[in-house]
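Chain by chain, the residues:
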Amino acid sequence: MKNIDYPLANEIVIFGALGDLSRRKLLPSLYQLELTGLLNENTRIIAVARNDLTLEQFTKQIDESLNEFISEALDAEKLSKFLAKLVYQQLDFKDVKSYSKLGKVLSTVQGARVYYYSTPPAIYGDISQGLKTAKLINDADRVVMEKPIGHCLESSKVINDQVSRYFKENQIYRIDHYLGKETVLNLLVLRFANTLFTNNWDRNCIDHVQITVAESVGIEGRWGFYDEAGQMRDMVQNHLLQVLSLVAMEPPAELSADCVRDEKLKVIRALKPITRQNVKEKTVRGQYADGYLNGVSVPGYLNEEGAKANSKTETFVAIKAEIDNWRWAGVPFYLRTGKRMPQKHSEIVVHFKQQAHNIFSESYANLPCNKLTIRLQPDEGVELDMMNKIPGIASQMQIHENKLDLSFSQAYDNQRVVDAYERLLLEVIKGDQSLFVRRDEVEAAWEWADSIIDAWQSTNEAPKPYAAGSWGPVSSISLIARDDRHWVE
Ligand code: BG6
């Protein structure tokens, strides 16, 4: 993305440094940046948490986490260089007066800081106030906020207001880690660096689009948190809408943060509202029941540890989304996401329209449409289904469907797929907001999601059960079958 003239940040302060996100993603990503030489020599990582630990105890825990969460062998020299960058500070996040303790370990040398809030959003305001009280916020500093920002539009406004009292919008980095994924970023390149797609990307050429984000994992010990959110708030309001907006947006005039975000915002604002009147026809909510994954029996959502027996929270959502604008009128975007599906599998499939006239009817009565598949994860790549002549004389003009398949791991010599957090952390350190979500985008996304959630609540129906290890409730097949289409499996 475009280089912006901000100073590099040389102090990264992680609040909630002993939490799951920090141990699984943030610290391993910072280690990878060290390994690839992308972290500055003088960078310091200030880990802040509630626990009373010595630096030695903290460093030992992080050493263990890195070994656990990084699949390749660690480089001993780089590891010790990385661990030497760590500083640990115990803090009670809600006690705004105690932040002067943090001030004592921060450097007084000029340079920008990144404050990473890896804590529940309810205390983002307290942390910001604590930093301000201790005079620890300078104009060049940045704050990173993890999703979910709020539970609905109103609560997201409260959190954003609390943080904006102390940081300006150009200092606020709202993370949606899908925007840091290689294949999601590649959408921009695919669409805007290839005339073939740029000129065929609209209602005249495209029949419909499917976006699937399937996970085989269940709730992984976070039942309490997840039950408050559900798949709509956890995945659709953010990740799926961000992917959808990159697929559907108008070409931005340039790659600057605001140009890209302006275009994404227009898409989210153009989504047709789903209301009580049409919610049953346009959406499906599901909840996984007991089932099997890879031949192993797994408990249903209501039988997971810590579950409340009568929860109506959804773990699967399918939506027929429509974008009310010139480019996409009449082109449905079918979204589908769920936990405990047969495999981890995320992709976008763009179905082009059928040929107007078929001169190959002897081979194919109905010519299949071209399909462009963007495999987000795993096995990242791009695939184009197209018709081809079967080679040879005997086959005459027999044709069949075949694939042009660009697998990134083969094309780029098994290069490691960079974790989204590595890229995003580096962008914050550089001070580039392009891959972060602006406040108006978050709010527009909540507005659309809230109306669906309200409509579900008004029907008071329980989500449809589906067996763990399946592709969701049967009604998600009907959702698309009603339009004479089917999900790509
Ligand atoms: C997170 C959600 O934002 O994304 C999780 O809170 C989900 O519930 C995760 O499992 C999926 O991320 P990824 O990168 O594994 O697709």
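Along each chain, the written sequence defines residue order, and numbers are assigned to residues from 1. Two thresholds apply to this predicted model, a pLDDT of at least 70 for residue-level local features and 80 or more for giving and counting side-chain atom pairs, whereas whole-chain, interface and lining totals are computed over all residues. The basis for every side-chain value is the complete set of heavy atoms in the structure, and neither hydrogens nor water enter the calculation.

Draft legend 1. Local environment of the overall build of the protein. Secondary structure assignment for the protein yields 15 helices and 17 strands. The C-alpha atoms of the protein give 24 Å as radius of gyration, which agrees with the globular expectation for 489 residues (23 Å, within 12%). Oriented by its inertia axes, the alpha-carbon framework of the protein measures out at about 80 × 50 × 45 Å. Exposure is judged per residue with a 1.4 Å probe applied to protein chains only, and the accessible area is read against the type maximum: over 50% gives exposed, under 20% gives buried, and values in between give partly exposed. Residues classed as buried in the protein amount to 53% of the 489 residues present. The convention is simple: Lys and Arg are positive, Asp and Glu are negative, and His and the chain ends are not counted. Think of each charge as sitting on NZ of Lys, CZ of Arg, CG of Asp or CD of Glu. Averaging the positions of the 58 positive and the 66 negative side-chain charges in the protein gives two centres separated by 3 Å. Where helices and strands are cited, they refer to DSSP runs of H or I of at least four residues and of E of at least two residues respectively, numbered from the N terminus. Computation of the radius of gyration draws on C-alpha atoms, with the globule rule given as 2.2 Å multiplied by the number of residues to the power 0.38.

Draft legend 2. Fine view of unusual backbone geometry. The amide bond that connects Lys 147 to the next residue, Pro 148, takes the cis arrangement and shows omega of 0°. Tracing the sequence through the fold places Pro 148 in the loop between β5 (142-145) and α6 (153-164). Although it is not a glycine, Glu 220 adopts a positive phi angle of roughly 50°. Counting through the fold element by element, Glu 220 comes out in the loop between β7 (206-214) and α9 (223-248). Despite not being glycine, Asn 460 has its phi angle at roughly 55°, a positive value. With respect to the helices and strands, Asn 460 occurs in the loop between α14 (439-459) and β17 (464-467).

Draft legend 3. Spatial organisation of the site of the ligand. Proximity is defined per residue: any heavy atom of the residue falling within 4 Å of a molecule or strand makes that residue near it. Residues in contact with the ligand, as listed here, are Lys 147, His 177, Tyr 178, Lys 181, Glu 215, Arg 222, Asp 234, Met 235, His 239, Lys 339, Lys 344 and Gln 377. Identification of polar contacts relies on pairs of N or O atoms within 3.5 Å, with a donor-acceptor requirement for protein atoms, meaning one able to donate a hydrogen and the other able to accept it, and with residues adjacent in sequence counted only if both atoms are side-chain atoms. In this structure, an oxygen atom belonging to the ligand sits 2.6 Å away from a side-chain N or O atom of Lys 181. Contact distances for the ligand include 2.3 Å between an oxygen atom and a side-chain N or O atom of Arg 222. Side-chain classes are defined by residue name, with Ala, Val, Leu, Ile, Met, Phe, Trp, Tyr, Cys and Pro counting as nonpolar, Asp, Glu, Lys and Arg as charged, and the others, Gly among them, as polar. Here the residues of the shell around the ligand are counted per class, giving two nonpolar, three polar and seven charged.

Draft legend 4. Highlighting the sheet that holds strand β4 (residues 112-117). Should DSSP find at least two bridges between two strands, the strands are regarded as paired. Strand order in the open sheet made by the six strands is β3-β2-β1-β4-β5-β6, with parallel pairing throughout. Sheet topology places β3 (86-90) and β6 (172-174) at the edges, where each strand pairs with a single neighbour. The mean inter-strand angle of the sheet, taken between neighbouring strand axes irrespective of direction, is 20°. Examined bridge by bridge, β4 and β5 share four bridges and lie parallel to one another. Its bridge partner being in β5, Tyr 116 is matched across the sheet by Val 144. Only heavy atoms enter the contact rule, under which two residues are in contact if any of them lie within 4.5 Å. Only the stretch in contact is used when fitting a helix axis, every axis being a line fitted to C-alpha atoms; angles between N-to-C directions are given from 0 to 180 degrees. Strand contacts of helix α2 (residues 55-69): β2 (44-49) and β3, with the helix running at about 120° to β3, the strand carrying the most contacts.

Draft legend 5. Quick peek at the packing of aromatic side chains. Only Phe, Tyr and Trp rings take part, Trp by its six-membered ring, and two of them pair if their centres are within 6.5 Å. Stacked means planes under 30 degrees apart, edge-to-face means over 60, and tilted covers everything else. A full pass over the atoms with the stated rule returns 18 aromatic pairs. An angle of 75° between the planes, with centres 5.8 Å apart, marks the rings of Phe 15 and Phe 93 as edge-to-face. Highlighted residues: Phe 15 in strand β1 (residues 9-15) and Phe 93 in the loop between β3 and α4 (99-105), separated in sequence by 78 residues. Each member of the pair Phe 15 and Phe 93 is classed as buried.

Draft legend 6. Layout of the packing of helix α7 (residues 182-192) against α9. Interaxial distance between α7 and α9 falls to 9 Å at its minimum, and their mutual angle equals 10°. Put simply, α7 runs roughly parallel to α9. Residue-level contacts link Val 184, Leu 187, Leu 188 and Arg 191 of α7 to Val 243, Leu 246, Val 247 and Ala 248 of α9. Here the contact of α7 with α9 is built from residues that sort into seven nonpolar, no polar and one charged. Each angle gets one of four labels, with under 35 degrees taken as roughly parallel, over 145 as roughly antiparallel, 65 to 115 as roughly perpendicular, and the rest as oblique.

Draft legend 7. Up close: the nonpolar core. Only buried residues count toward a nonpolar core, which is a set of Ala, Val, Leu, Ile, Met, Phe, Trp, Tyr and Cys residues joined through side-chain atoms within 4.5 Å. The biggest cluster of nonpolar side chains holds 99 residues, and the ones touching the most others in it are Leu 30, Ile 319, Phe 333, Ile 348 and Leu 372. Look past the residues within four positions of Ile 348 in its chain and what remains in contact with it is Leu 187, Val 209, Gln 210, Ile 211, Val 243, Val 247, Leu 372, Thr 373, Ile 374 and Leu 376.

Draft legend 8. How the structure looks around helix α3 (residues 76-83). Listed as buried for α3 are Leu 79, Phe 82 and Leu 83. Down the axis, α3 shows its buried residues gathered within 95° of arc, on one side only. Close packing links the buried residues of α3 with α1 (20-35), β2, α2 and β3. For α3, the N-terminal capping position is held by Asp 75, with its side-chain oxygen 3.0 Å away from the main-chain nitrogen of Glu 77. Arc, as used here, means the arc of the directions from the helix axis to the C-beta atoms.

Draft legend 9. Structural detail: the side chain of Lys 282. Examined against the element boundaries, Lys 282 turns out to sit in helix α11 (residues 279-282). For Lys 282, a relative accessible area of 11% corresponds to the buried category. Here Glu 322 takes part through its side chain, which lies 2.8 Å from a polar atom of the side chain of Lys 282. What Lys 282 contacts, discounting residues up to four positions off in sequence, is Ile 274, Ala 318, Ile 319, Lys 320, Glu 322 and Leu 479.

Draft legend 10. Quick peek at the state of the cysteines. In this description, a disulfide is simply a cysteine sulfur pair whose atoms lie within 2.5 Å. For the structure shown, the criterion picks out zero disulfides. Residue Cys 205 stays outside any disulfide, its sulfur separated by 12 Å from that of Cys 369, the closest cysteine. Taking relative accessible area as the criterion, Cys 205 reaches 23% and is therefore assigned partly exposed. Residue classification places Cys 369 among the partly exposed residues on the basis of a relative accessible area of 27%.

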